[in-house]
Amino acid sequence: MHQEIRAPRGKTLGLHLWGRRSVSPTRRTTRRSLARRRVPRAAALALLLATATACANDVPEAKWSRGLLPDHVTEQGGVVQSLWNGAWIAALATGAVVIVLILWASIFHRKRRAKADLPPQVRYNLPIEILYTVIPLVMVSVFFFFTARDSETLTKVSGDAPVKVKVEAFQWSWRFTTTYKGKTIEPVAGVPVSDYNQGPQLVLPKKTKVEFDLSTDDVIHSFWVPEFLFKRDVIPGIPEDNPGRKFEITTLDKTGTFAGRCAELCGVDHSRMLFSVKLVDQTEFEQYIATHQAGSAQ
Ligand SMILES: [Cu+2]
């Protein structure tokens, strides 16, 4: 909205919404009935959301102490958690400073009736203008530095991971092919399901580096395990040697089964593109590899 209204006494005000007394009665009624219609709609939406989340069994526990992120199971997840915490601390500190400045200005710098209409004007005040420019620049640079540093760590692929997983996404499930010490096991492929426990399961050892290679032949998908605190788009047509297809994780000393999903709307059964990642200890993993080794079909 762009309007310029001339206030009485000839002063120009940029925006003067509070002074609008000329809203027509019809307009006011329309607004009121709009609000009346919106309230039940919002209530219905809230109810729908509440029931939808209540049904899902794969939503990880989010604690305030972790800034509502799930408990991570990879070293890289720790990097994300620290960046997340740091960003919140910086944002809250900035917010606190701004709120204090607003309160200070509104309490101690109110218009006094006895004084002149305009307070001292600070246009062309070079030191203040430099301050306005330098402080945000420093803030953005700090955010940029930590984000760039952590992105670099998270996307680094050393190539020496003992476990390599080829992830093929398709409409609407996944095929996982695991290679360990030169042995490739039979691919695990799934179909669309409503419970992640029924989807394809990827078994991985704890405390181990794992390399993922993501590919698809149809549309864009996104490989996401919330407990990794990481997701990566799976884009068709990317050549095999492109580093954008790969990422590495190092699993922590934690076992358990974690839900995974597609995080890119990819068609009608996108929401049923569920899978699970099971972290086991080394001996159980070796056993799994031995019993699931691919035969001549490799
Ligand atoms: Cu998908």
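Structure first, text after, so check above.
Source: prediction; values computed, not measured.

Along the backbone of the protein chain there are four helices and 13 strands. Within the span of the protein chain, comprising 298 residues, buried residues form 27% of the whole. Sequence-distant contacts in the protein chain: of pairs separated by 6 or more residues, those separated by 24 or more amount to 64%. A total of about 20100 Å² of accessible surface is found on the protein chain, and carbon and sulfur atoms cover 62% of it.

Note on metal geometry: ideal angles are 109.5 degrees for four donors arranged tetrahedrally and 90 or 180 degrees for six donors arranged octahedrally. Every protein donor of the copper ion is listed here as His221 (ND1), Cys262 (SG), Cys266 (SG) and Met273 (SD), and their distances to the metal cover 2.1 to 2.6 Å. All donors of the copper ion come from a single chain, and their spacing in sequence reads H-x40-C-x3-C-x6-M. Pair noted here: His221 is in strand 9 (residues 221–225) and Met273 is in the loop between strand 12 (256–262) and strand 13 (275–280), with a separation of 52 residues, a long-range link. Classification of His221 as buried rests on a relative accessible area of 0%. Under the relative-accessibility criterion, Met273 is labelled buried at 0%.

Here we take up the pattern of salt bridges. Oppositely charged side chains can form a pair if their charged atoms are brought close together. Counted by the stated rule, this structure contains 11 salt bridges. The partner of Asp160 in a salt bridge is Lys209, with the nearest N and O atoms 2.9 Å apart. With Asp160 in the loop between helix 3 (126–155) and strand 3 (163–170) and Lys209 in strand 8 (residues 209–216), the pair connects residues that are 49 residues apart, well separated along the chain. The partly exposed category is assigned to Lys209, whose relative accessible area is 27%. The partner of Lys181 in a salt bridge is Glu286, and the shortest N-O contact between them spans 3.9 Å. Here Glu286 lies in helix 4 (residues 282–291) and Lys181 lies in the loop between strand 4 (173–180) and strand 5 (183–184), a separation of 105 residues in the sequence. The exposure class assigned to Lys181 is exposed, which follows from its relative accessible area of 61%.

Considered as a void within the structure, the second largest pocket measures approximately 200 Å³ in volume. Around the second largest pocket, the lining is made up of 13 residues, and of these Gly86, Ala87, Ala90, Phe143 and Phe146 lie nearest the centre. In terms of residues, the lining of the second largest pocket owes the most to one element, helix 3, which gives seven residues. Looking at side-chain class alone, the lining of the second largest pocket contains seven nonpolar, four polar and two charged residues.

As a further point, take the sheet that holds strand 7 (residues 201–205). Here five strands make up an open sheet; going across it, the order is 7-13-12-9-10 and the pairing mixed. The sheet terminates laterally at strand 7 and strand 10 (230–234), the two strands that pair on one side only. When the angles between neighbouring strand axes are averaged without regard to direction, this sheet yields 25°. Where strand 12 lies against strand 13, five bridges are found, and the strand directions are antiparallel. For Gly256, the partnering residue across the bridge sits in strand 13 and is Leu279. On the sheet, helix 4 packs against strand 7 and strand 13 and is oriented at approximately 130° with respect to strand 7.

Another aspect to go through is empty space enclosed by the protein. Enumeration over the complete set of coordinates arrives at one cavity of 30 Å³ or more. Empty space within the largest cavity amounts to approximately 40 Å³. Around the largest cavity, the lining residues are Thr74, Gln76, Leu154, Phe228, Phe230, Phe247, Glu248 and Ile249. Considering each element in turn, the lining of the largest cavity owes the most residues, three residues, to strand 11 (residues 246–250).

This brings us to the packing of helix 2 (residues 75–108) against helix 3. Relative orientation of the contacting elements helix 2 and helix 3 amounts to 170°, with a least axis distance of 10 Å. With respect to their mutual orientation, helix 2 and helix 3 come out roughly antiparallel. On helix 3, the residues that touch Gln76, Val79, Val80, Leu83, Ala87, Ala90 and Thr94 of helix 2 are Met139, Phe143, Phe146, Thr147, Asp150 and Leu154. Classifying every residue of the contact of helix 2 with helix 3 gives nine nonpolar, three polar and one charged.

Let us look at a nonpolar patch on the surface. A contiguous nonpolar patch, built from Val97, Ile99, Leu101, Leu103, Trp104, Ile107 and Phe108 and spanning about 740 Å² of accessible area, is present on the exposed surface. Its place among the elements puts Val97 in helix 2.

Cut-offs and rules
- Residues numbered from 1 in each chain as written.
- Predicted model: local features only at pLDDT ≥ 70, side-chain atom pairs only at ≥ 80, totals over all residues.
- Heavy atoms only, no water.
- Helix = DSSP H or I, 4+ residues; strand = E, 2+ residues; numbered from the N terminus.
- Buried < 20%, exposed > 50% of the residue type's maximum accessible area, 1.4 Å probe, protein only.
- Contact = heavy atoms within 4.5 Å.
- Areas by Shrake-Rupley, 256 points an atom, 1.4 Å probe, with all protein chains shown as cover.
- Donors = N, O, S within 2.8 Å, 3.2 Å for Na, K, Ca; no water.
- Salt bridge = Lys/Arg side-chain N within 4 Å of Asp/Glu carboxyl O.
- 1 Å grid on protein atoms, 1.4 Å probe; cavity = no way out; pocket = protein on both sides within 12 Å on 5 of 7 lines; lining within 4 Å.
- Points joined across faces, edges and corners; volume = space filled by probe spheres on them.
- Nonpolar A, V, L, I, M, F, W, Y, C, P; charged D, E, K, R; others polar.
- Pairing = 2+ DSSP bridges.
- Axes fitted to C-alpha atoms, helices over the stretch in contact; angles between N-to-C directions.
- Parallel < 35°, antiparallel > 145°, perpendicular 65-115°, else oblique.
- Patch = residues over 30% accessible without salt bridge, like charges linked within 9 Å, V, L, I, M, F, W, Y side chains within 5 Å.

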